[in-house]
Amino acid sequence: MKTFKMISFGLLTGDIADYLPMHDGIIINQENSHRMWILEMFLDAAHKERFEKLKAEEALIEAKVVISYPENEPAAFVLAVDAVHDIGDRVSVLLKGRLKRQRSEYAEQLLSELLDQGLEGQDLLKRFESDMRSRPRLKKK
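These notes cover the structure that comes with them.

Reading the values: rules and limits
Residues numbered from 1 in each chain as written. Predicted model: local features only at pLDDT ≥ 70, side-chain atom pairs only at ≥ 80, totals over all residues. Heavy atoms only, no water. Helix = DSSP H or I, 4+ residues; strand = E, 2+ residues; numbered from the N terminus. Buried < 20%, exposed > 50% of the residue type's maximum accessible area, 1.4 Å probe, protein only. Contact = heavy atoms within 4.5 Å. Lys, Arg positive; Asp, Glu negative; His and termini not counted. Charge placed at Lys NZ, Arg CZ, Asp CG, Glu CD. Pairing = 2+ DSSP bridges. Polar contact = N/O pair within 3.5 Å; in protein donor to acceptor, adjacent residues only side chain to side chain. Axes fitted to C-alpha atoms, helices over the stretch in contact; angles between N-to-C directions. Parallel < 35°, antiparallel > 145°, perpendicular 65-115°, else oblique. Left-handed = near helix turned anticlockwise from the far one by under 90°.

**A word on the overall build of the protein**
And then number 1: Per the secondary structure count, the protein includes three helices and seven strands.
And then number 2: The secondary structure elements of the protein, listed N-terminal to C-terminal, are β-β-β-β-α-β-β-β-α-α.
And then number 3: In terms of its C-alpha atoms, the protein occupies a principal-axis envelope of roughly 50 × 35 × 30 Å.
And then number 4: Expressed as a percentage of its 141 residues, the buried residues of the protein come to 35%.
And then number 5: Put simply, of all contacts in the protein between residues at least 6 apart along the chain, 55% involve residues at least 24 apart.
And then number 6: Looking at the protein, you have 22 positive and 24 negative side-chain charges, and the mean spots of the two groups are 4 Å apart.

**With respect to the pairing of strand S5 (residues 60-67)**
And then number 1: Burial within S5 is extensive, with six of its eight residues counted as buried.
And then number 2: Where S5 lies against strand S6 (residues 75-87), six bridges are found, and the strand directions are antiparallel. Its bridge partner being in S6, Glu 62 is matched across the sheet by Val 78.

**Quick notes on the environment of Leu 39**
And then number 1: With respect to the helices and strands, the residue Leu 39 is situated in strand S4 (residues 36-44).
And then number 2: Residue Leu 39 is classed as buried on the basis of its relative accessible area of 0%.
And then number 3: Sequence-wise, Leu 39 and Asp 82 are 43 residues apart; in three dimensions their C-alpha atoms are separated by 9.7 Å.
And then number 4: Discounting chain neighbours no more than four positions away, the residues touching Leu 39 are Met 6, Phe 9, Ile 26, Ile 27, Val 65, Leu 79, Val 93, Leu 94 and Leu 95.

**With respect to the side chain of Asn 29**
And then number 1: If you trace the backbone, Asn 29 turns up in strand S3 (residues 22-29).
And then number 2: Residue class for Asn 29 comes out buried when judged on its relative accessible area of 16%.
And then number 3: Of note is the side chain of Asn 29, whose polar atom sits 2.8 Å from the backbone nitrogen of Glu 31.
And then number 4: The residues contacting Asn 29, other than those within four sequence positions of it, are Met 1, Lys 2, Phe 4, Met 36 and Trp 37.

**Topic: the packing of helix H2 (residues 106-116) against helix H3 (residues 121-134)**
Think of two packed helices as two axes; the pair is described by the angle between the axes and how far apart they sit.
And then number 1: Their axes nearest at 10 Å, the elements H2 and H3 cross at an angle of 140°. In this view, H2 runs oblique relative to H3, as classed from their interaxial angle. The hand of the H2/H3 crossing is right-handed. Every residue of H3 that contacts H2 at Tyr 106, Ala 107, Leu 110, Leu 111, Leu 114 and Leu 115 is listed here: Leu 124, Arg 127, Phe 128, Asp 131 and Met 132.

**Thoughts on the environment of Asp 44**
And then number 1: Looking at where Asp 44 falls in the secondary structure, it is placed in strand S4.
And then number 2: Under the relative-accessibility criterion, Asp 44 is labelled partly exposed at 33%.
And then number 3: Asp 44 sits 24 residues away from Leu 20 along the chain, and the two C-alpha atoms are 9.5 Å apart.
And then number 4: Filtering out sequence-adjacent residues up to four positions away, Asp 44 remains in contact with His 23, Arg 90 and Val 91.
And then number 5: Polar side-chain contacts of Asp 44 include one of 2.6 Å to the side chain of His 23.

Below, the structure written as structure tokens:
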């Protein structure tokens with residue numbers, strides 16, 4: 001197993017990532033045959049009901065997670081809420097899931113979409129660098 005610091009957690013709704021303000025977070029690669037990961041976040045209690053509902057629904061959620069360093073690209077996960085526990089006036093949320101396989105042609109597809117939008121020069125470069133970090137969903141071609 002390998003353990004890492006979770007820097008940020010963005011819950012995906014469509015193409016929009018809702019980054020939750022964490023007090024702390026940890027992520028564990030179990031390095032098992034199922035390729036499972038465990039994520040634990042320490043949040044304000046205001047988020048408790050949201051995660052309890054997801055747990056009760058047994059919903060699979062998609063998330064963008066930055067691991068170890070703020071400048072790292074977010075990794076995409078498909079997760080299920082495993083547990084929600086009160087800790088003082090805060091809440092611990094335990095999630096389990098898998099790292100989504102990123103399409104190997106992501107950069108090429110992103111560049112193609114940006115060119116189709118008419119971007120060029122420095123505008124193209126800035127948007128490409130930004131989108132490579134945030135990894136928005138691409139249109140299916």
